[in-house]
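# A closer look at the structure
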Amino acid sequence: MKISRAEVEHVARLARLALQPEELEALTGQMDAILGYVDKLNELDTDGIEPTSHAVPMENAFRADELKPSIGIERALQNAPEKDGSCFEVPKVIE
C-alpha cells in the first residue's frame, strides 16, 4: 500500500472532513489506486519532452492596448431611454 489509513485520516483532518470509518477505508483504497497510477506514469521516459502548460499550442488572442479617444457623454447617452443631465436615469430598485 502506498498510503496508510493514518495518512488518509491526517489529510482528512487537514481538509476538515469528518469521515466515517467505512468512508476512510474506501478513501484509503481509492487514494492508494491513484498513487499507484502516478507511480506507473513515473516509469515513462520523458527525457527530451518539453514541458507544456496546454495540450495544444495557444497564442494570446488579445489585441495590443492602444490609447483612443472616448465616445463622449452625448454619444453615450444618445439611445438612453431616460437621462438626467450627463447620467443615465434608472428606476429605483431598493425600497
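What you are looking at is a predicted structure, and each value in this text was computed from that prediction instead of being measured. (Residues numbered from 1 in each chain as written. Predicted model: local features only at pLDDT ≥ 70, side-chain atom pairs only at ≥ 80, totals over all residues. Heavy atoms only, no water.)

Summing up its helical and strand segments, the protein chain has 3 helices and 2 strands in all. The C-alpha atoms of the protein chain give 29 Å as radius of gyration, which overshoots the globular expectation for 95 residues (12 Å, by more than 25%). Taking the principal axes of the C-alpha coordinates as reference, the protein chain spans close to 75 × 50 × 20 Å. Counting all 95 residues of the protein chain, 8% fall into the buried class. Across the protein chain, contacts joining residues at least 24 apart in sequence account for 33% of those joining residues at least 6 apart. Element-wise, carbon and sulfur atoms account for 56% of the exposed surface of the protein chain, whose accessible area totals about 9,400 Å². Computed over 10 positive and 19 negative side-chain charges, the separation of the two mean positions in the protein chain equals 6 Å. (Helix = DSSP H or I, 4+ residues; strand = E, 2+ residues; numbered from the N terminus. Rg over C-alpha atoms; globule rule 2.2 N^0.38 Å. Buried < 20%, exposed > 50% of the residue type's maximum accessible area, 1.4 Å probe, protein only. Contact = heavy atoms within 4.5 Å. Areas by Shrake-Rupley, 256 points an atom, 1.4 Å probe, with all protein chains shown as cover. Lys, Arg positive; Asp, Glu negative; His and termini not counted. Charge placed at Lys NZ, Arg CZ, Asp CG, Glu CD.)

What follows is about the pattern of salt bridges. A side chain of one charge can pair with a side chain of the opposite charge when the charged atoms of the two come close. What the rule picks out here adds up to 3 salt bridges. Residues Lys-2 and Asp-39 are paired through a salt bridge, measuring 3.4 Å at the closest nitrogen-oxygen approach. Linking Lys-2 in the segment before α1 (5-14) with Asp-39 in helix α2 (residues 21-42), this pair joins segments that are 37 residues apart in sequence. Among the salt bridges present, the one from Arg-5 reaches Glu-25, with a minimum N-O distance of 2.6 Å. Of this pair, Arg-5 sits in helix α1 while Glu-25 is found in helix α2, placing the two residues 20 residues apart along the sequence. A relative accessible area of 29% places Arg-5 in the partly exposed class. Three or more residues are tied together by salt bridges with common partners; here these are Arg-5, Glu-9 and Glu-25. (Salt bridge = Lys/Arg side-chain N within 4 Å of Asp/Glu carboxyl O.)

What follows covers unusual backbone geometry. What you tend to see is this: most non-glycine residues have negative phi, and most peptide bonds are trans. A positive phi angle is found at Arg-16, which is not glycine, with a value near 55 degrees. Assignment of secondary structure puts Arg-16 in the loop between α1 and α2.

Taken together, the side chains of Tyr-37, Leu-41 and Leu-44 make up a nonpolar region of the molecular surface, amounting to roughly 320 Å² of accessible area. Relative to the elements of secondary structure, Leu-44 occurs in the loop between α2 and α3 (73-76). (Patch = residues over 30% accessible without salt bridge, like charges linked within 9 Å, V, L, I, M, F, W, Y side chains within 5 Å.)

Attention now moves to the packing of α1 against α2. The interhelical angle for the contact between α1 and α2, taken along N-to-C directions, is 105 degrees, at an axis separation of 9 Å. The angle between α1 and α2 places the two elements in the roughly perpendicular class. Residues Arg-5, Val-8 and Glu-9 of α1 lie in contact with α2, whose contacting residues are Pro-21, Leu-24, Glu-25, Leu-27, Thr-28 and Met-31. Looking at the contact of α1 with α2, its residues break down into 5 nonpolar, 1 polar and 3 charged. (Axes fitted to C-alpha atoms, helices over the stretch in contact; angles between N-to-C directions. Parallel < 35°, antiparallel > 145°, perpendicular 65-115°, else oblique. Nonpolar A, V, L, I, M, F, W, Y, C, P; charged D, E, K, R; others polar.)

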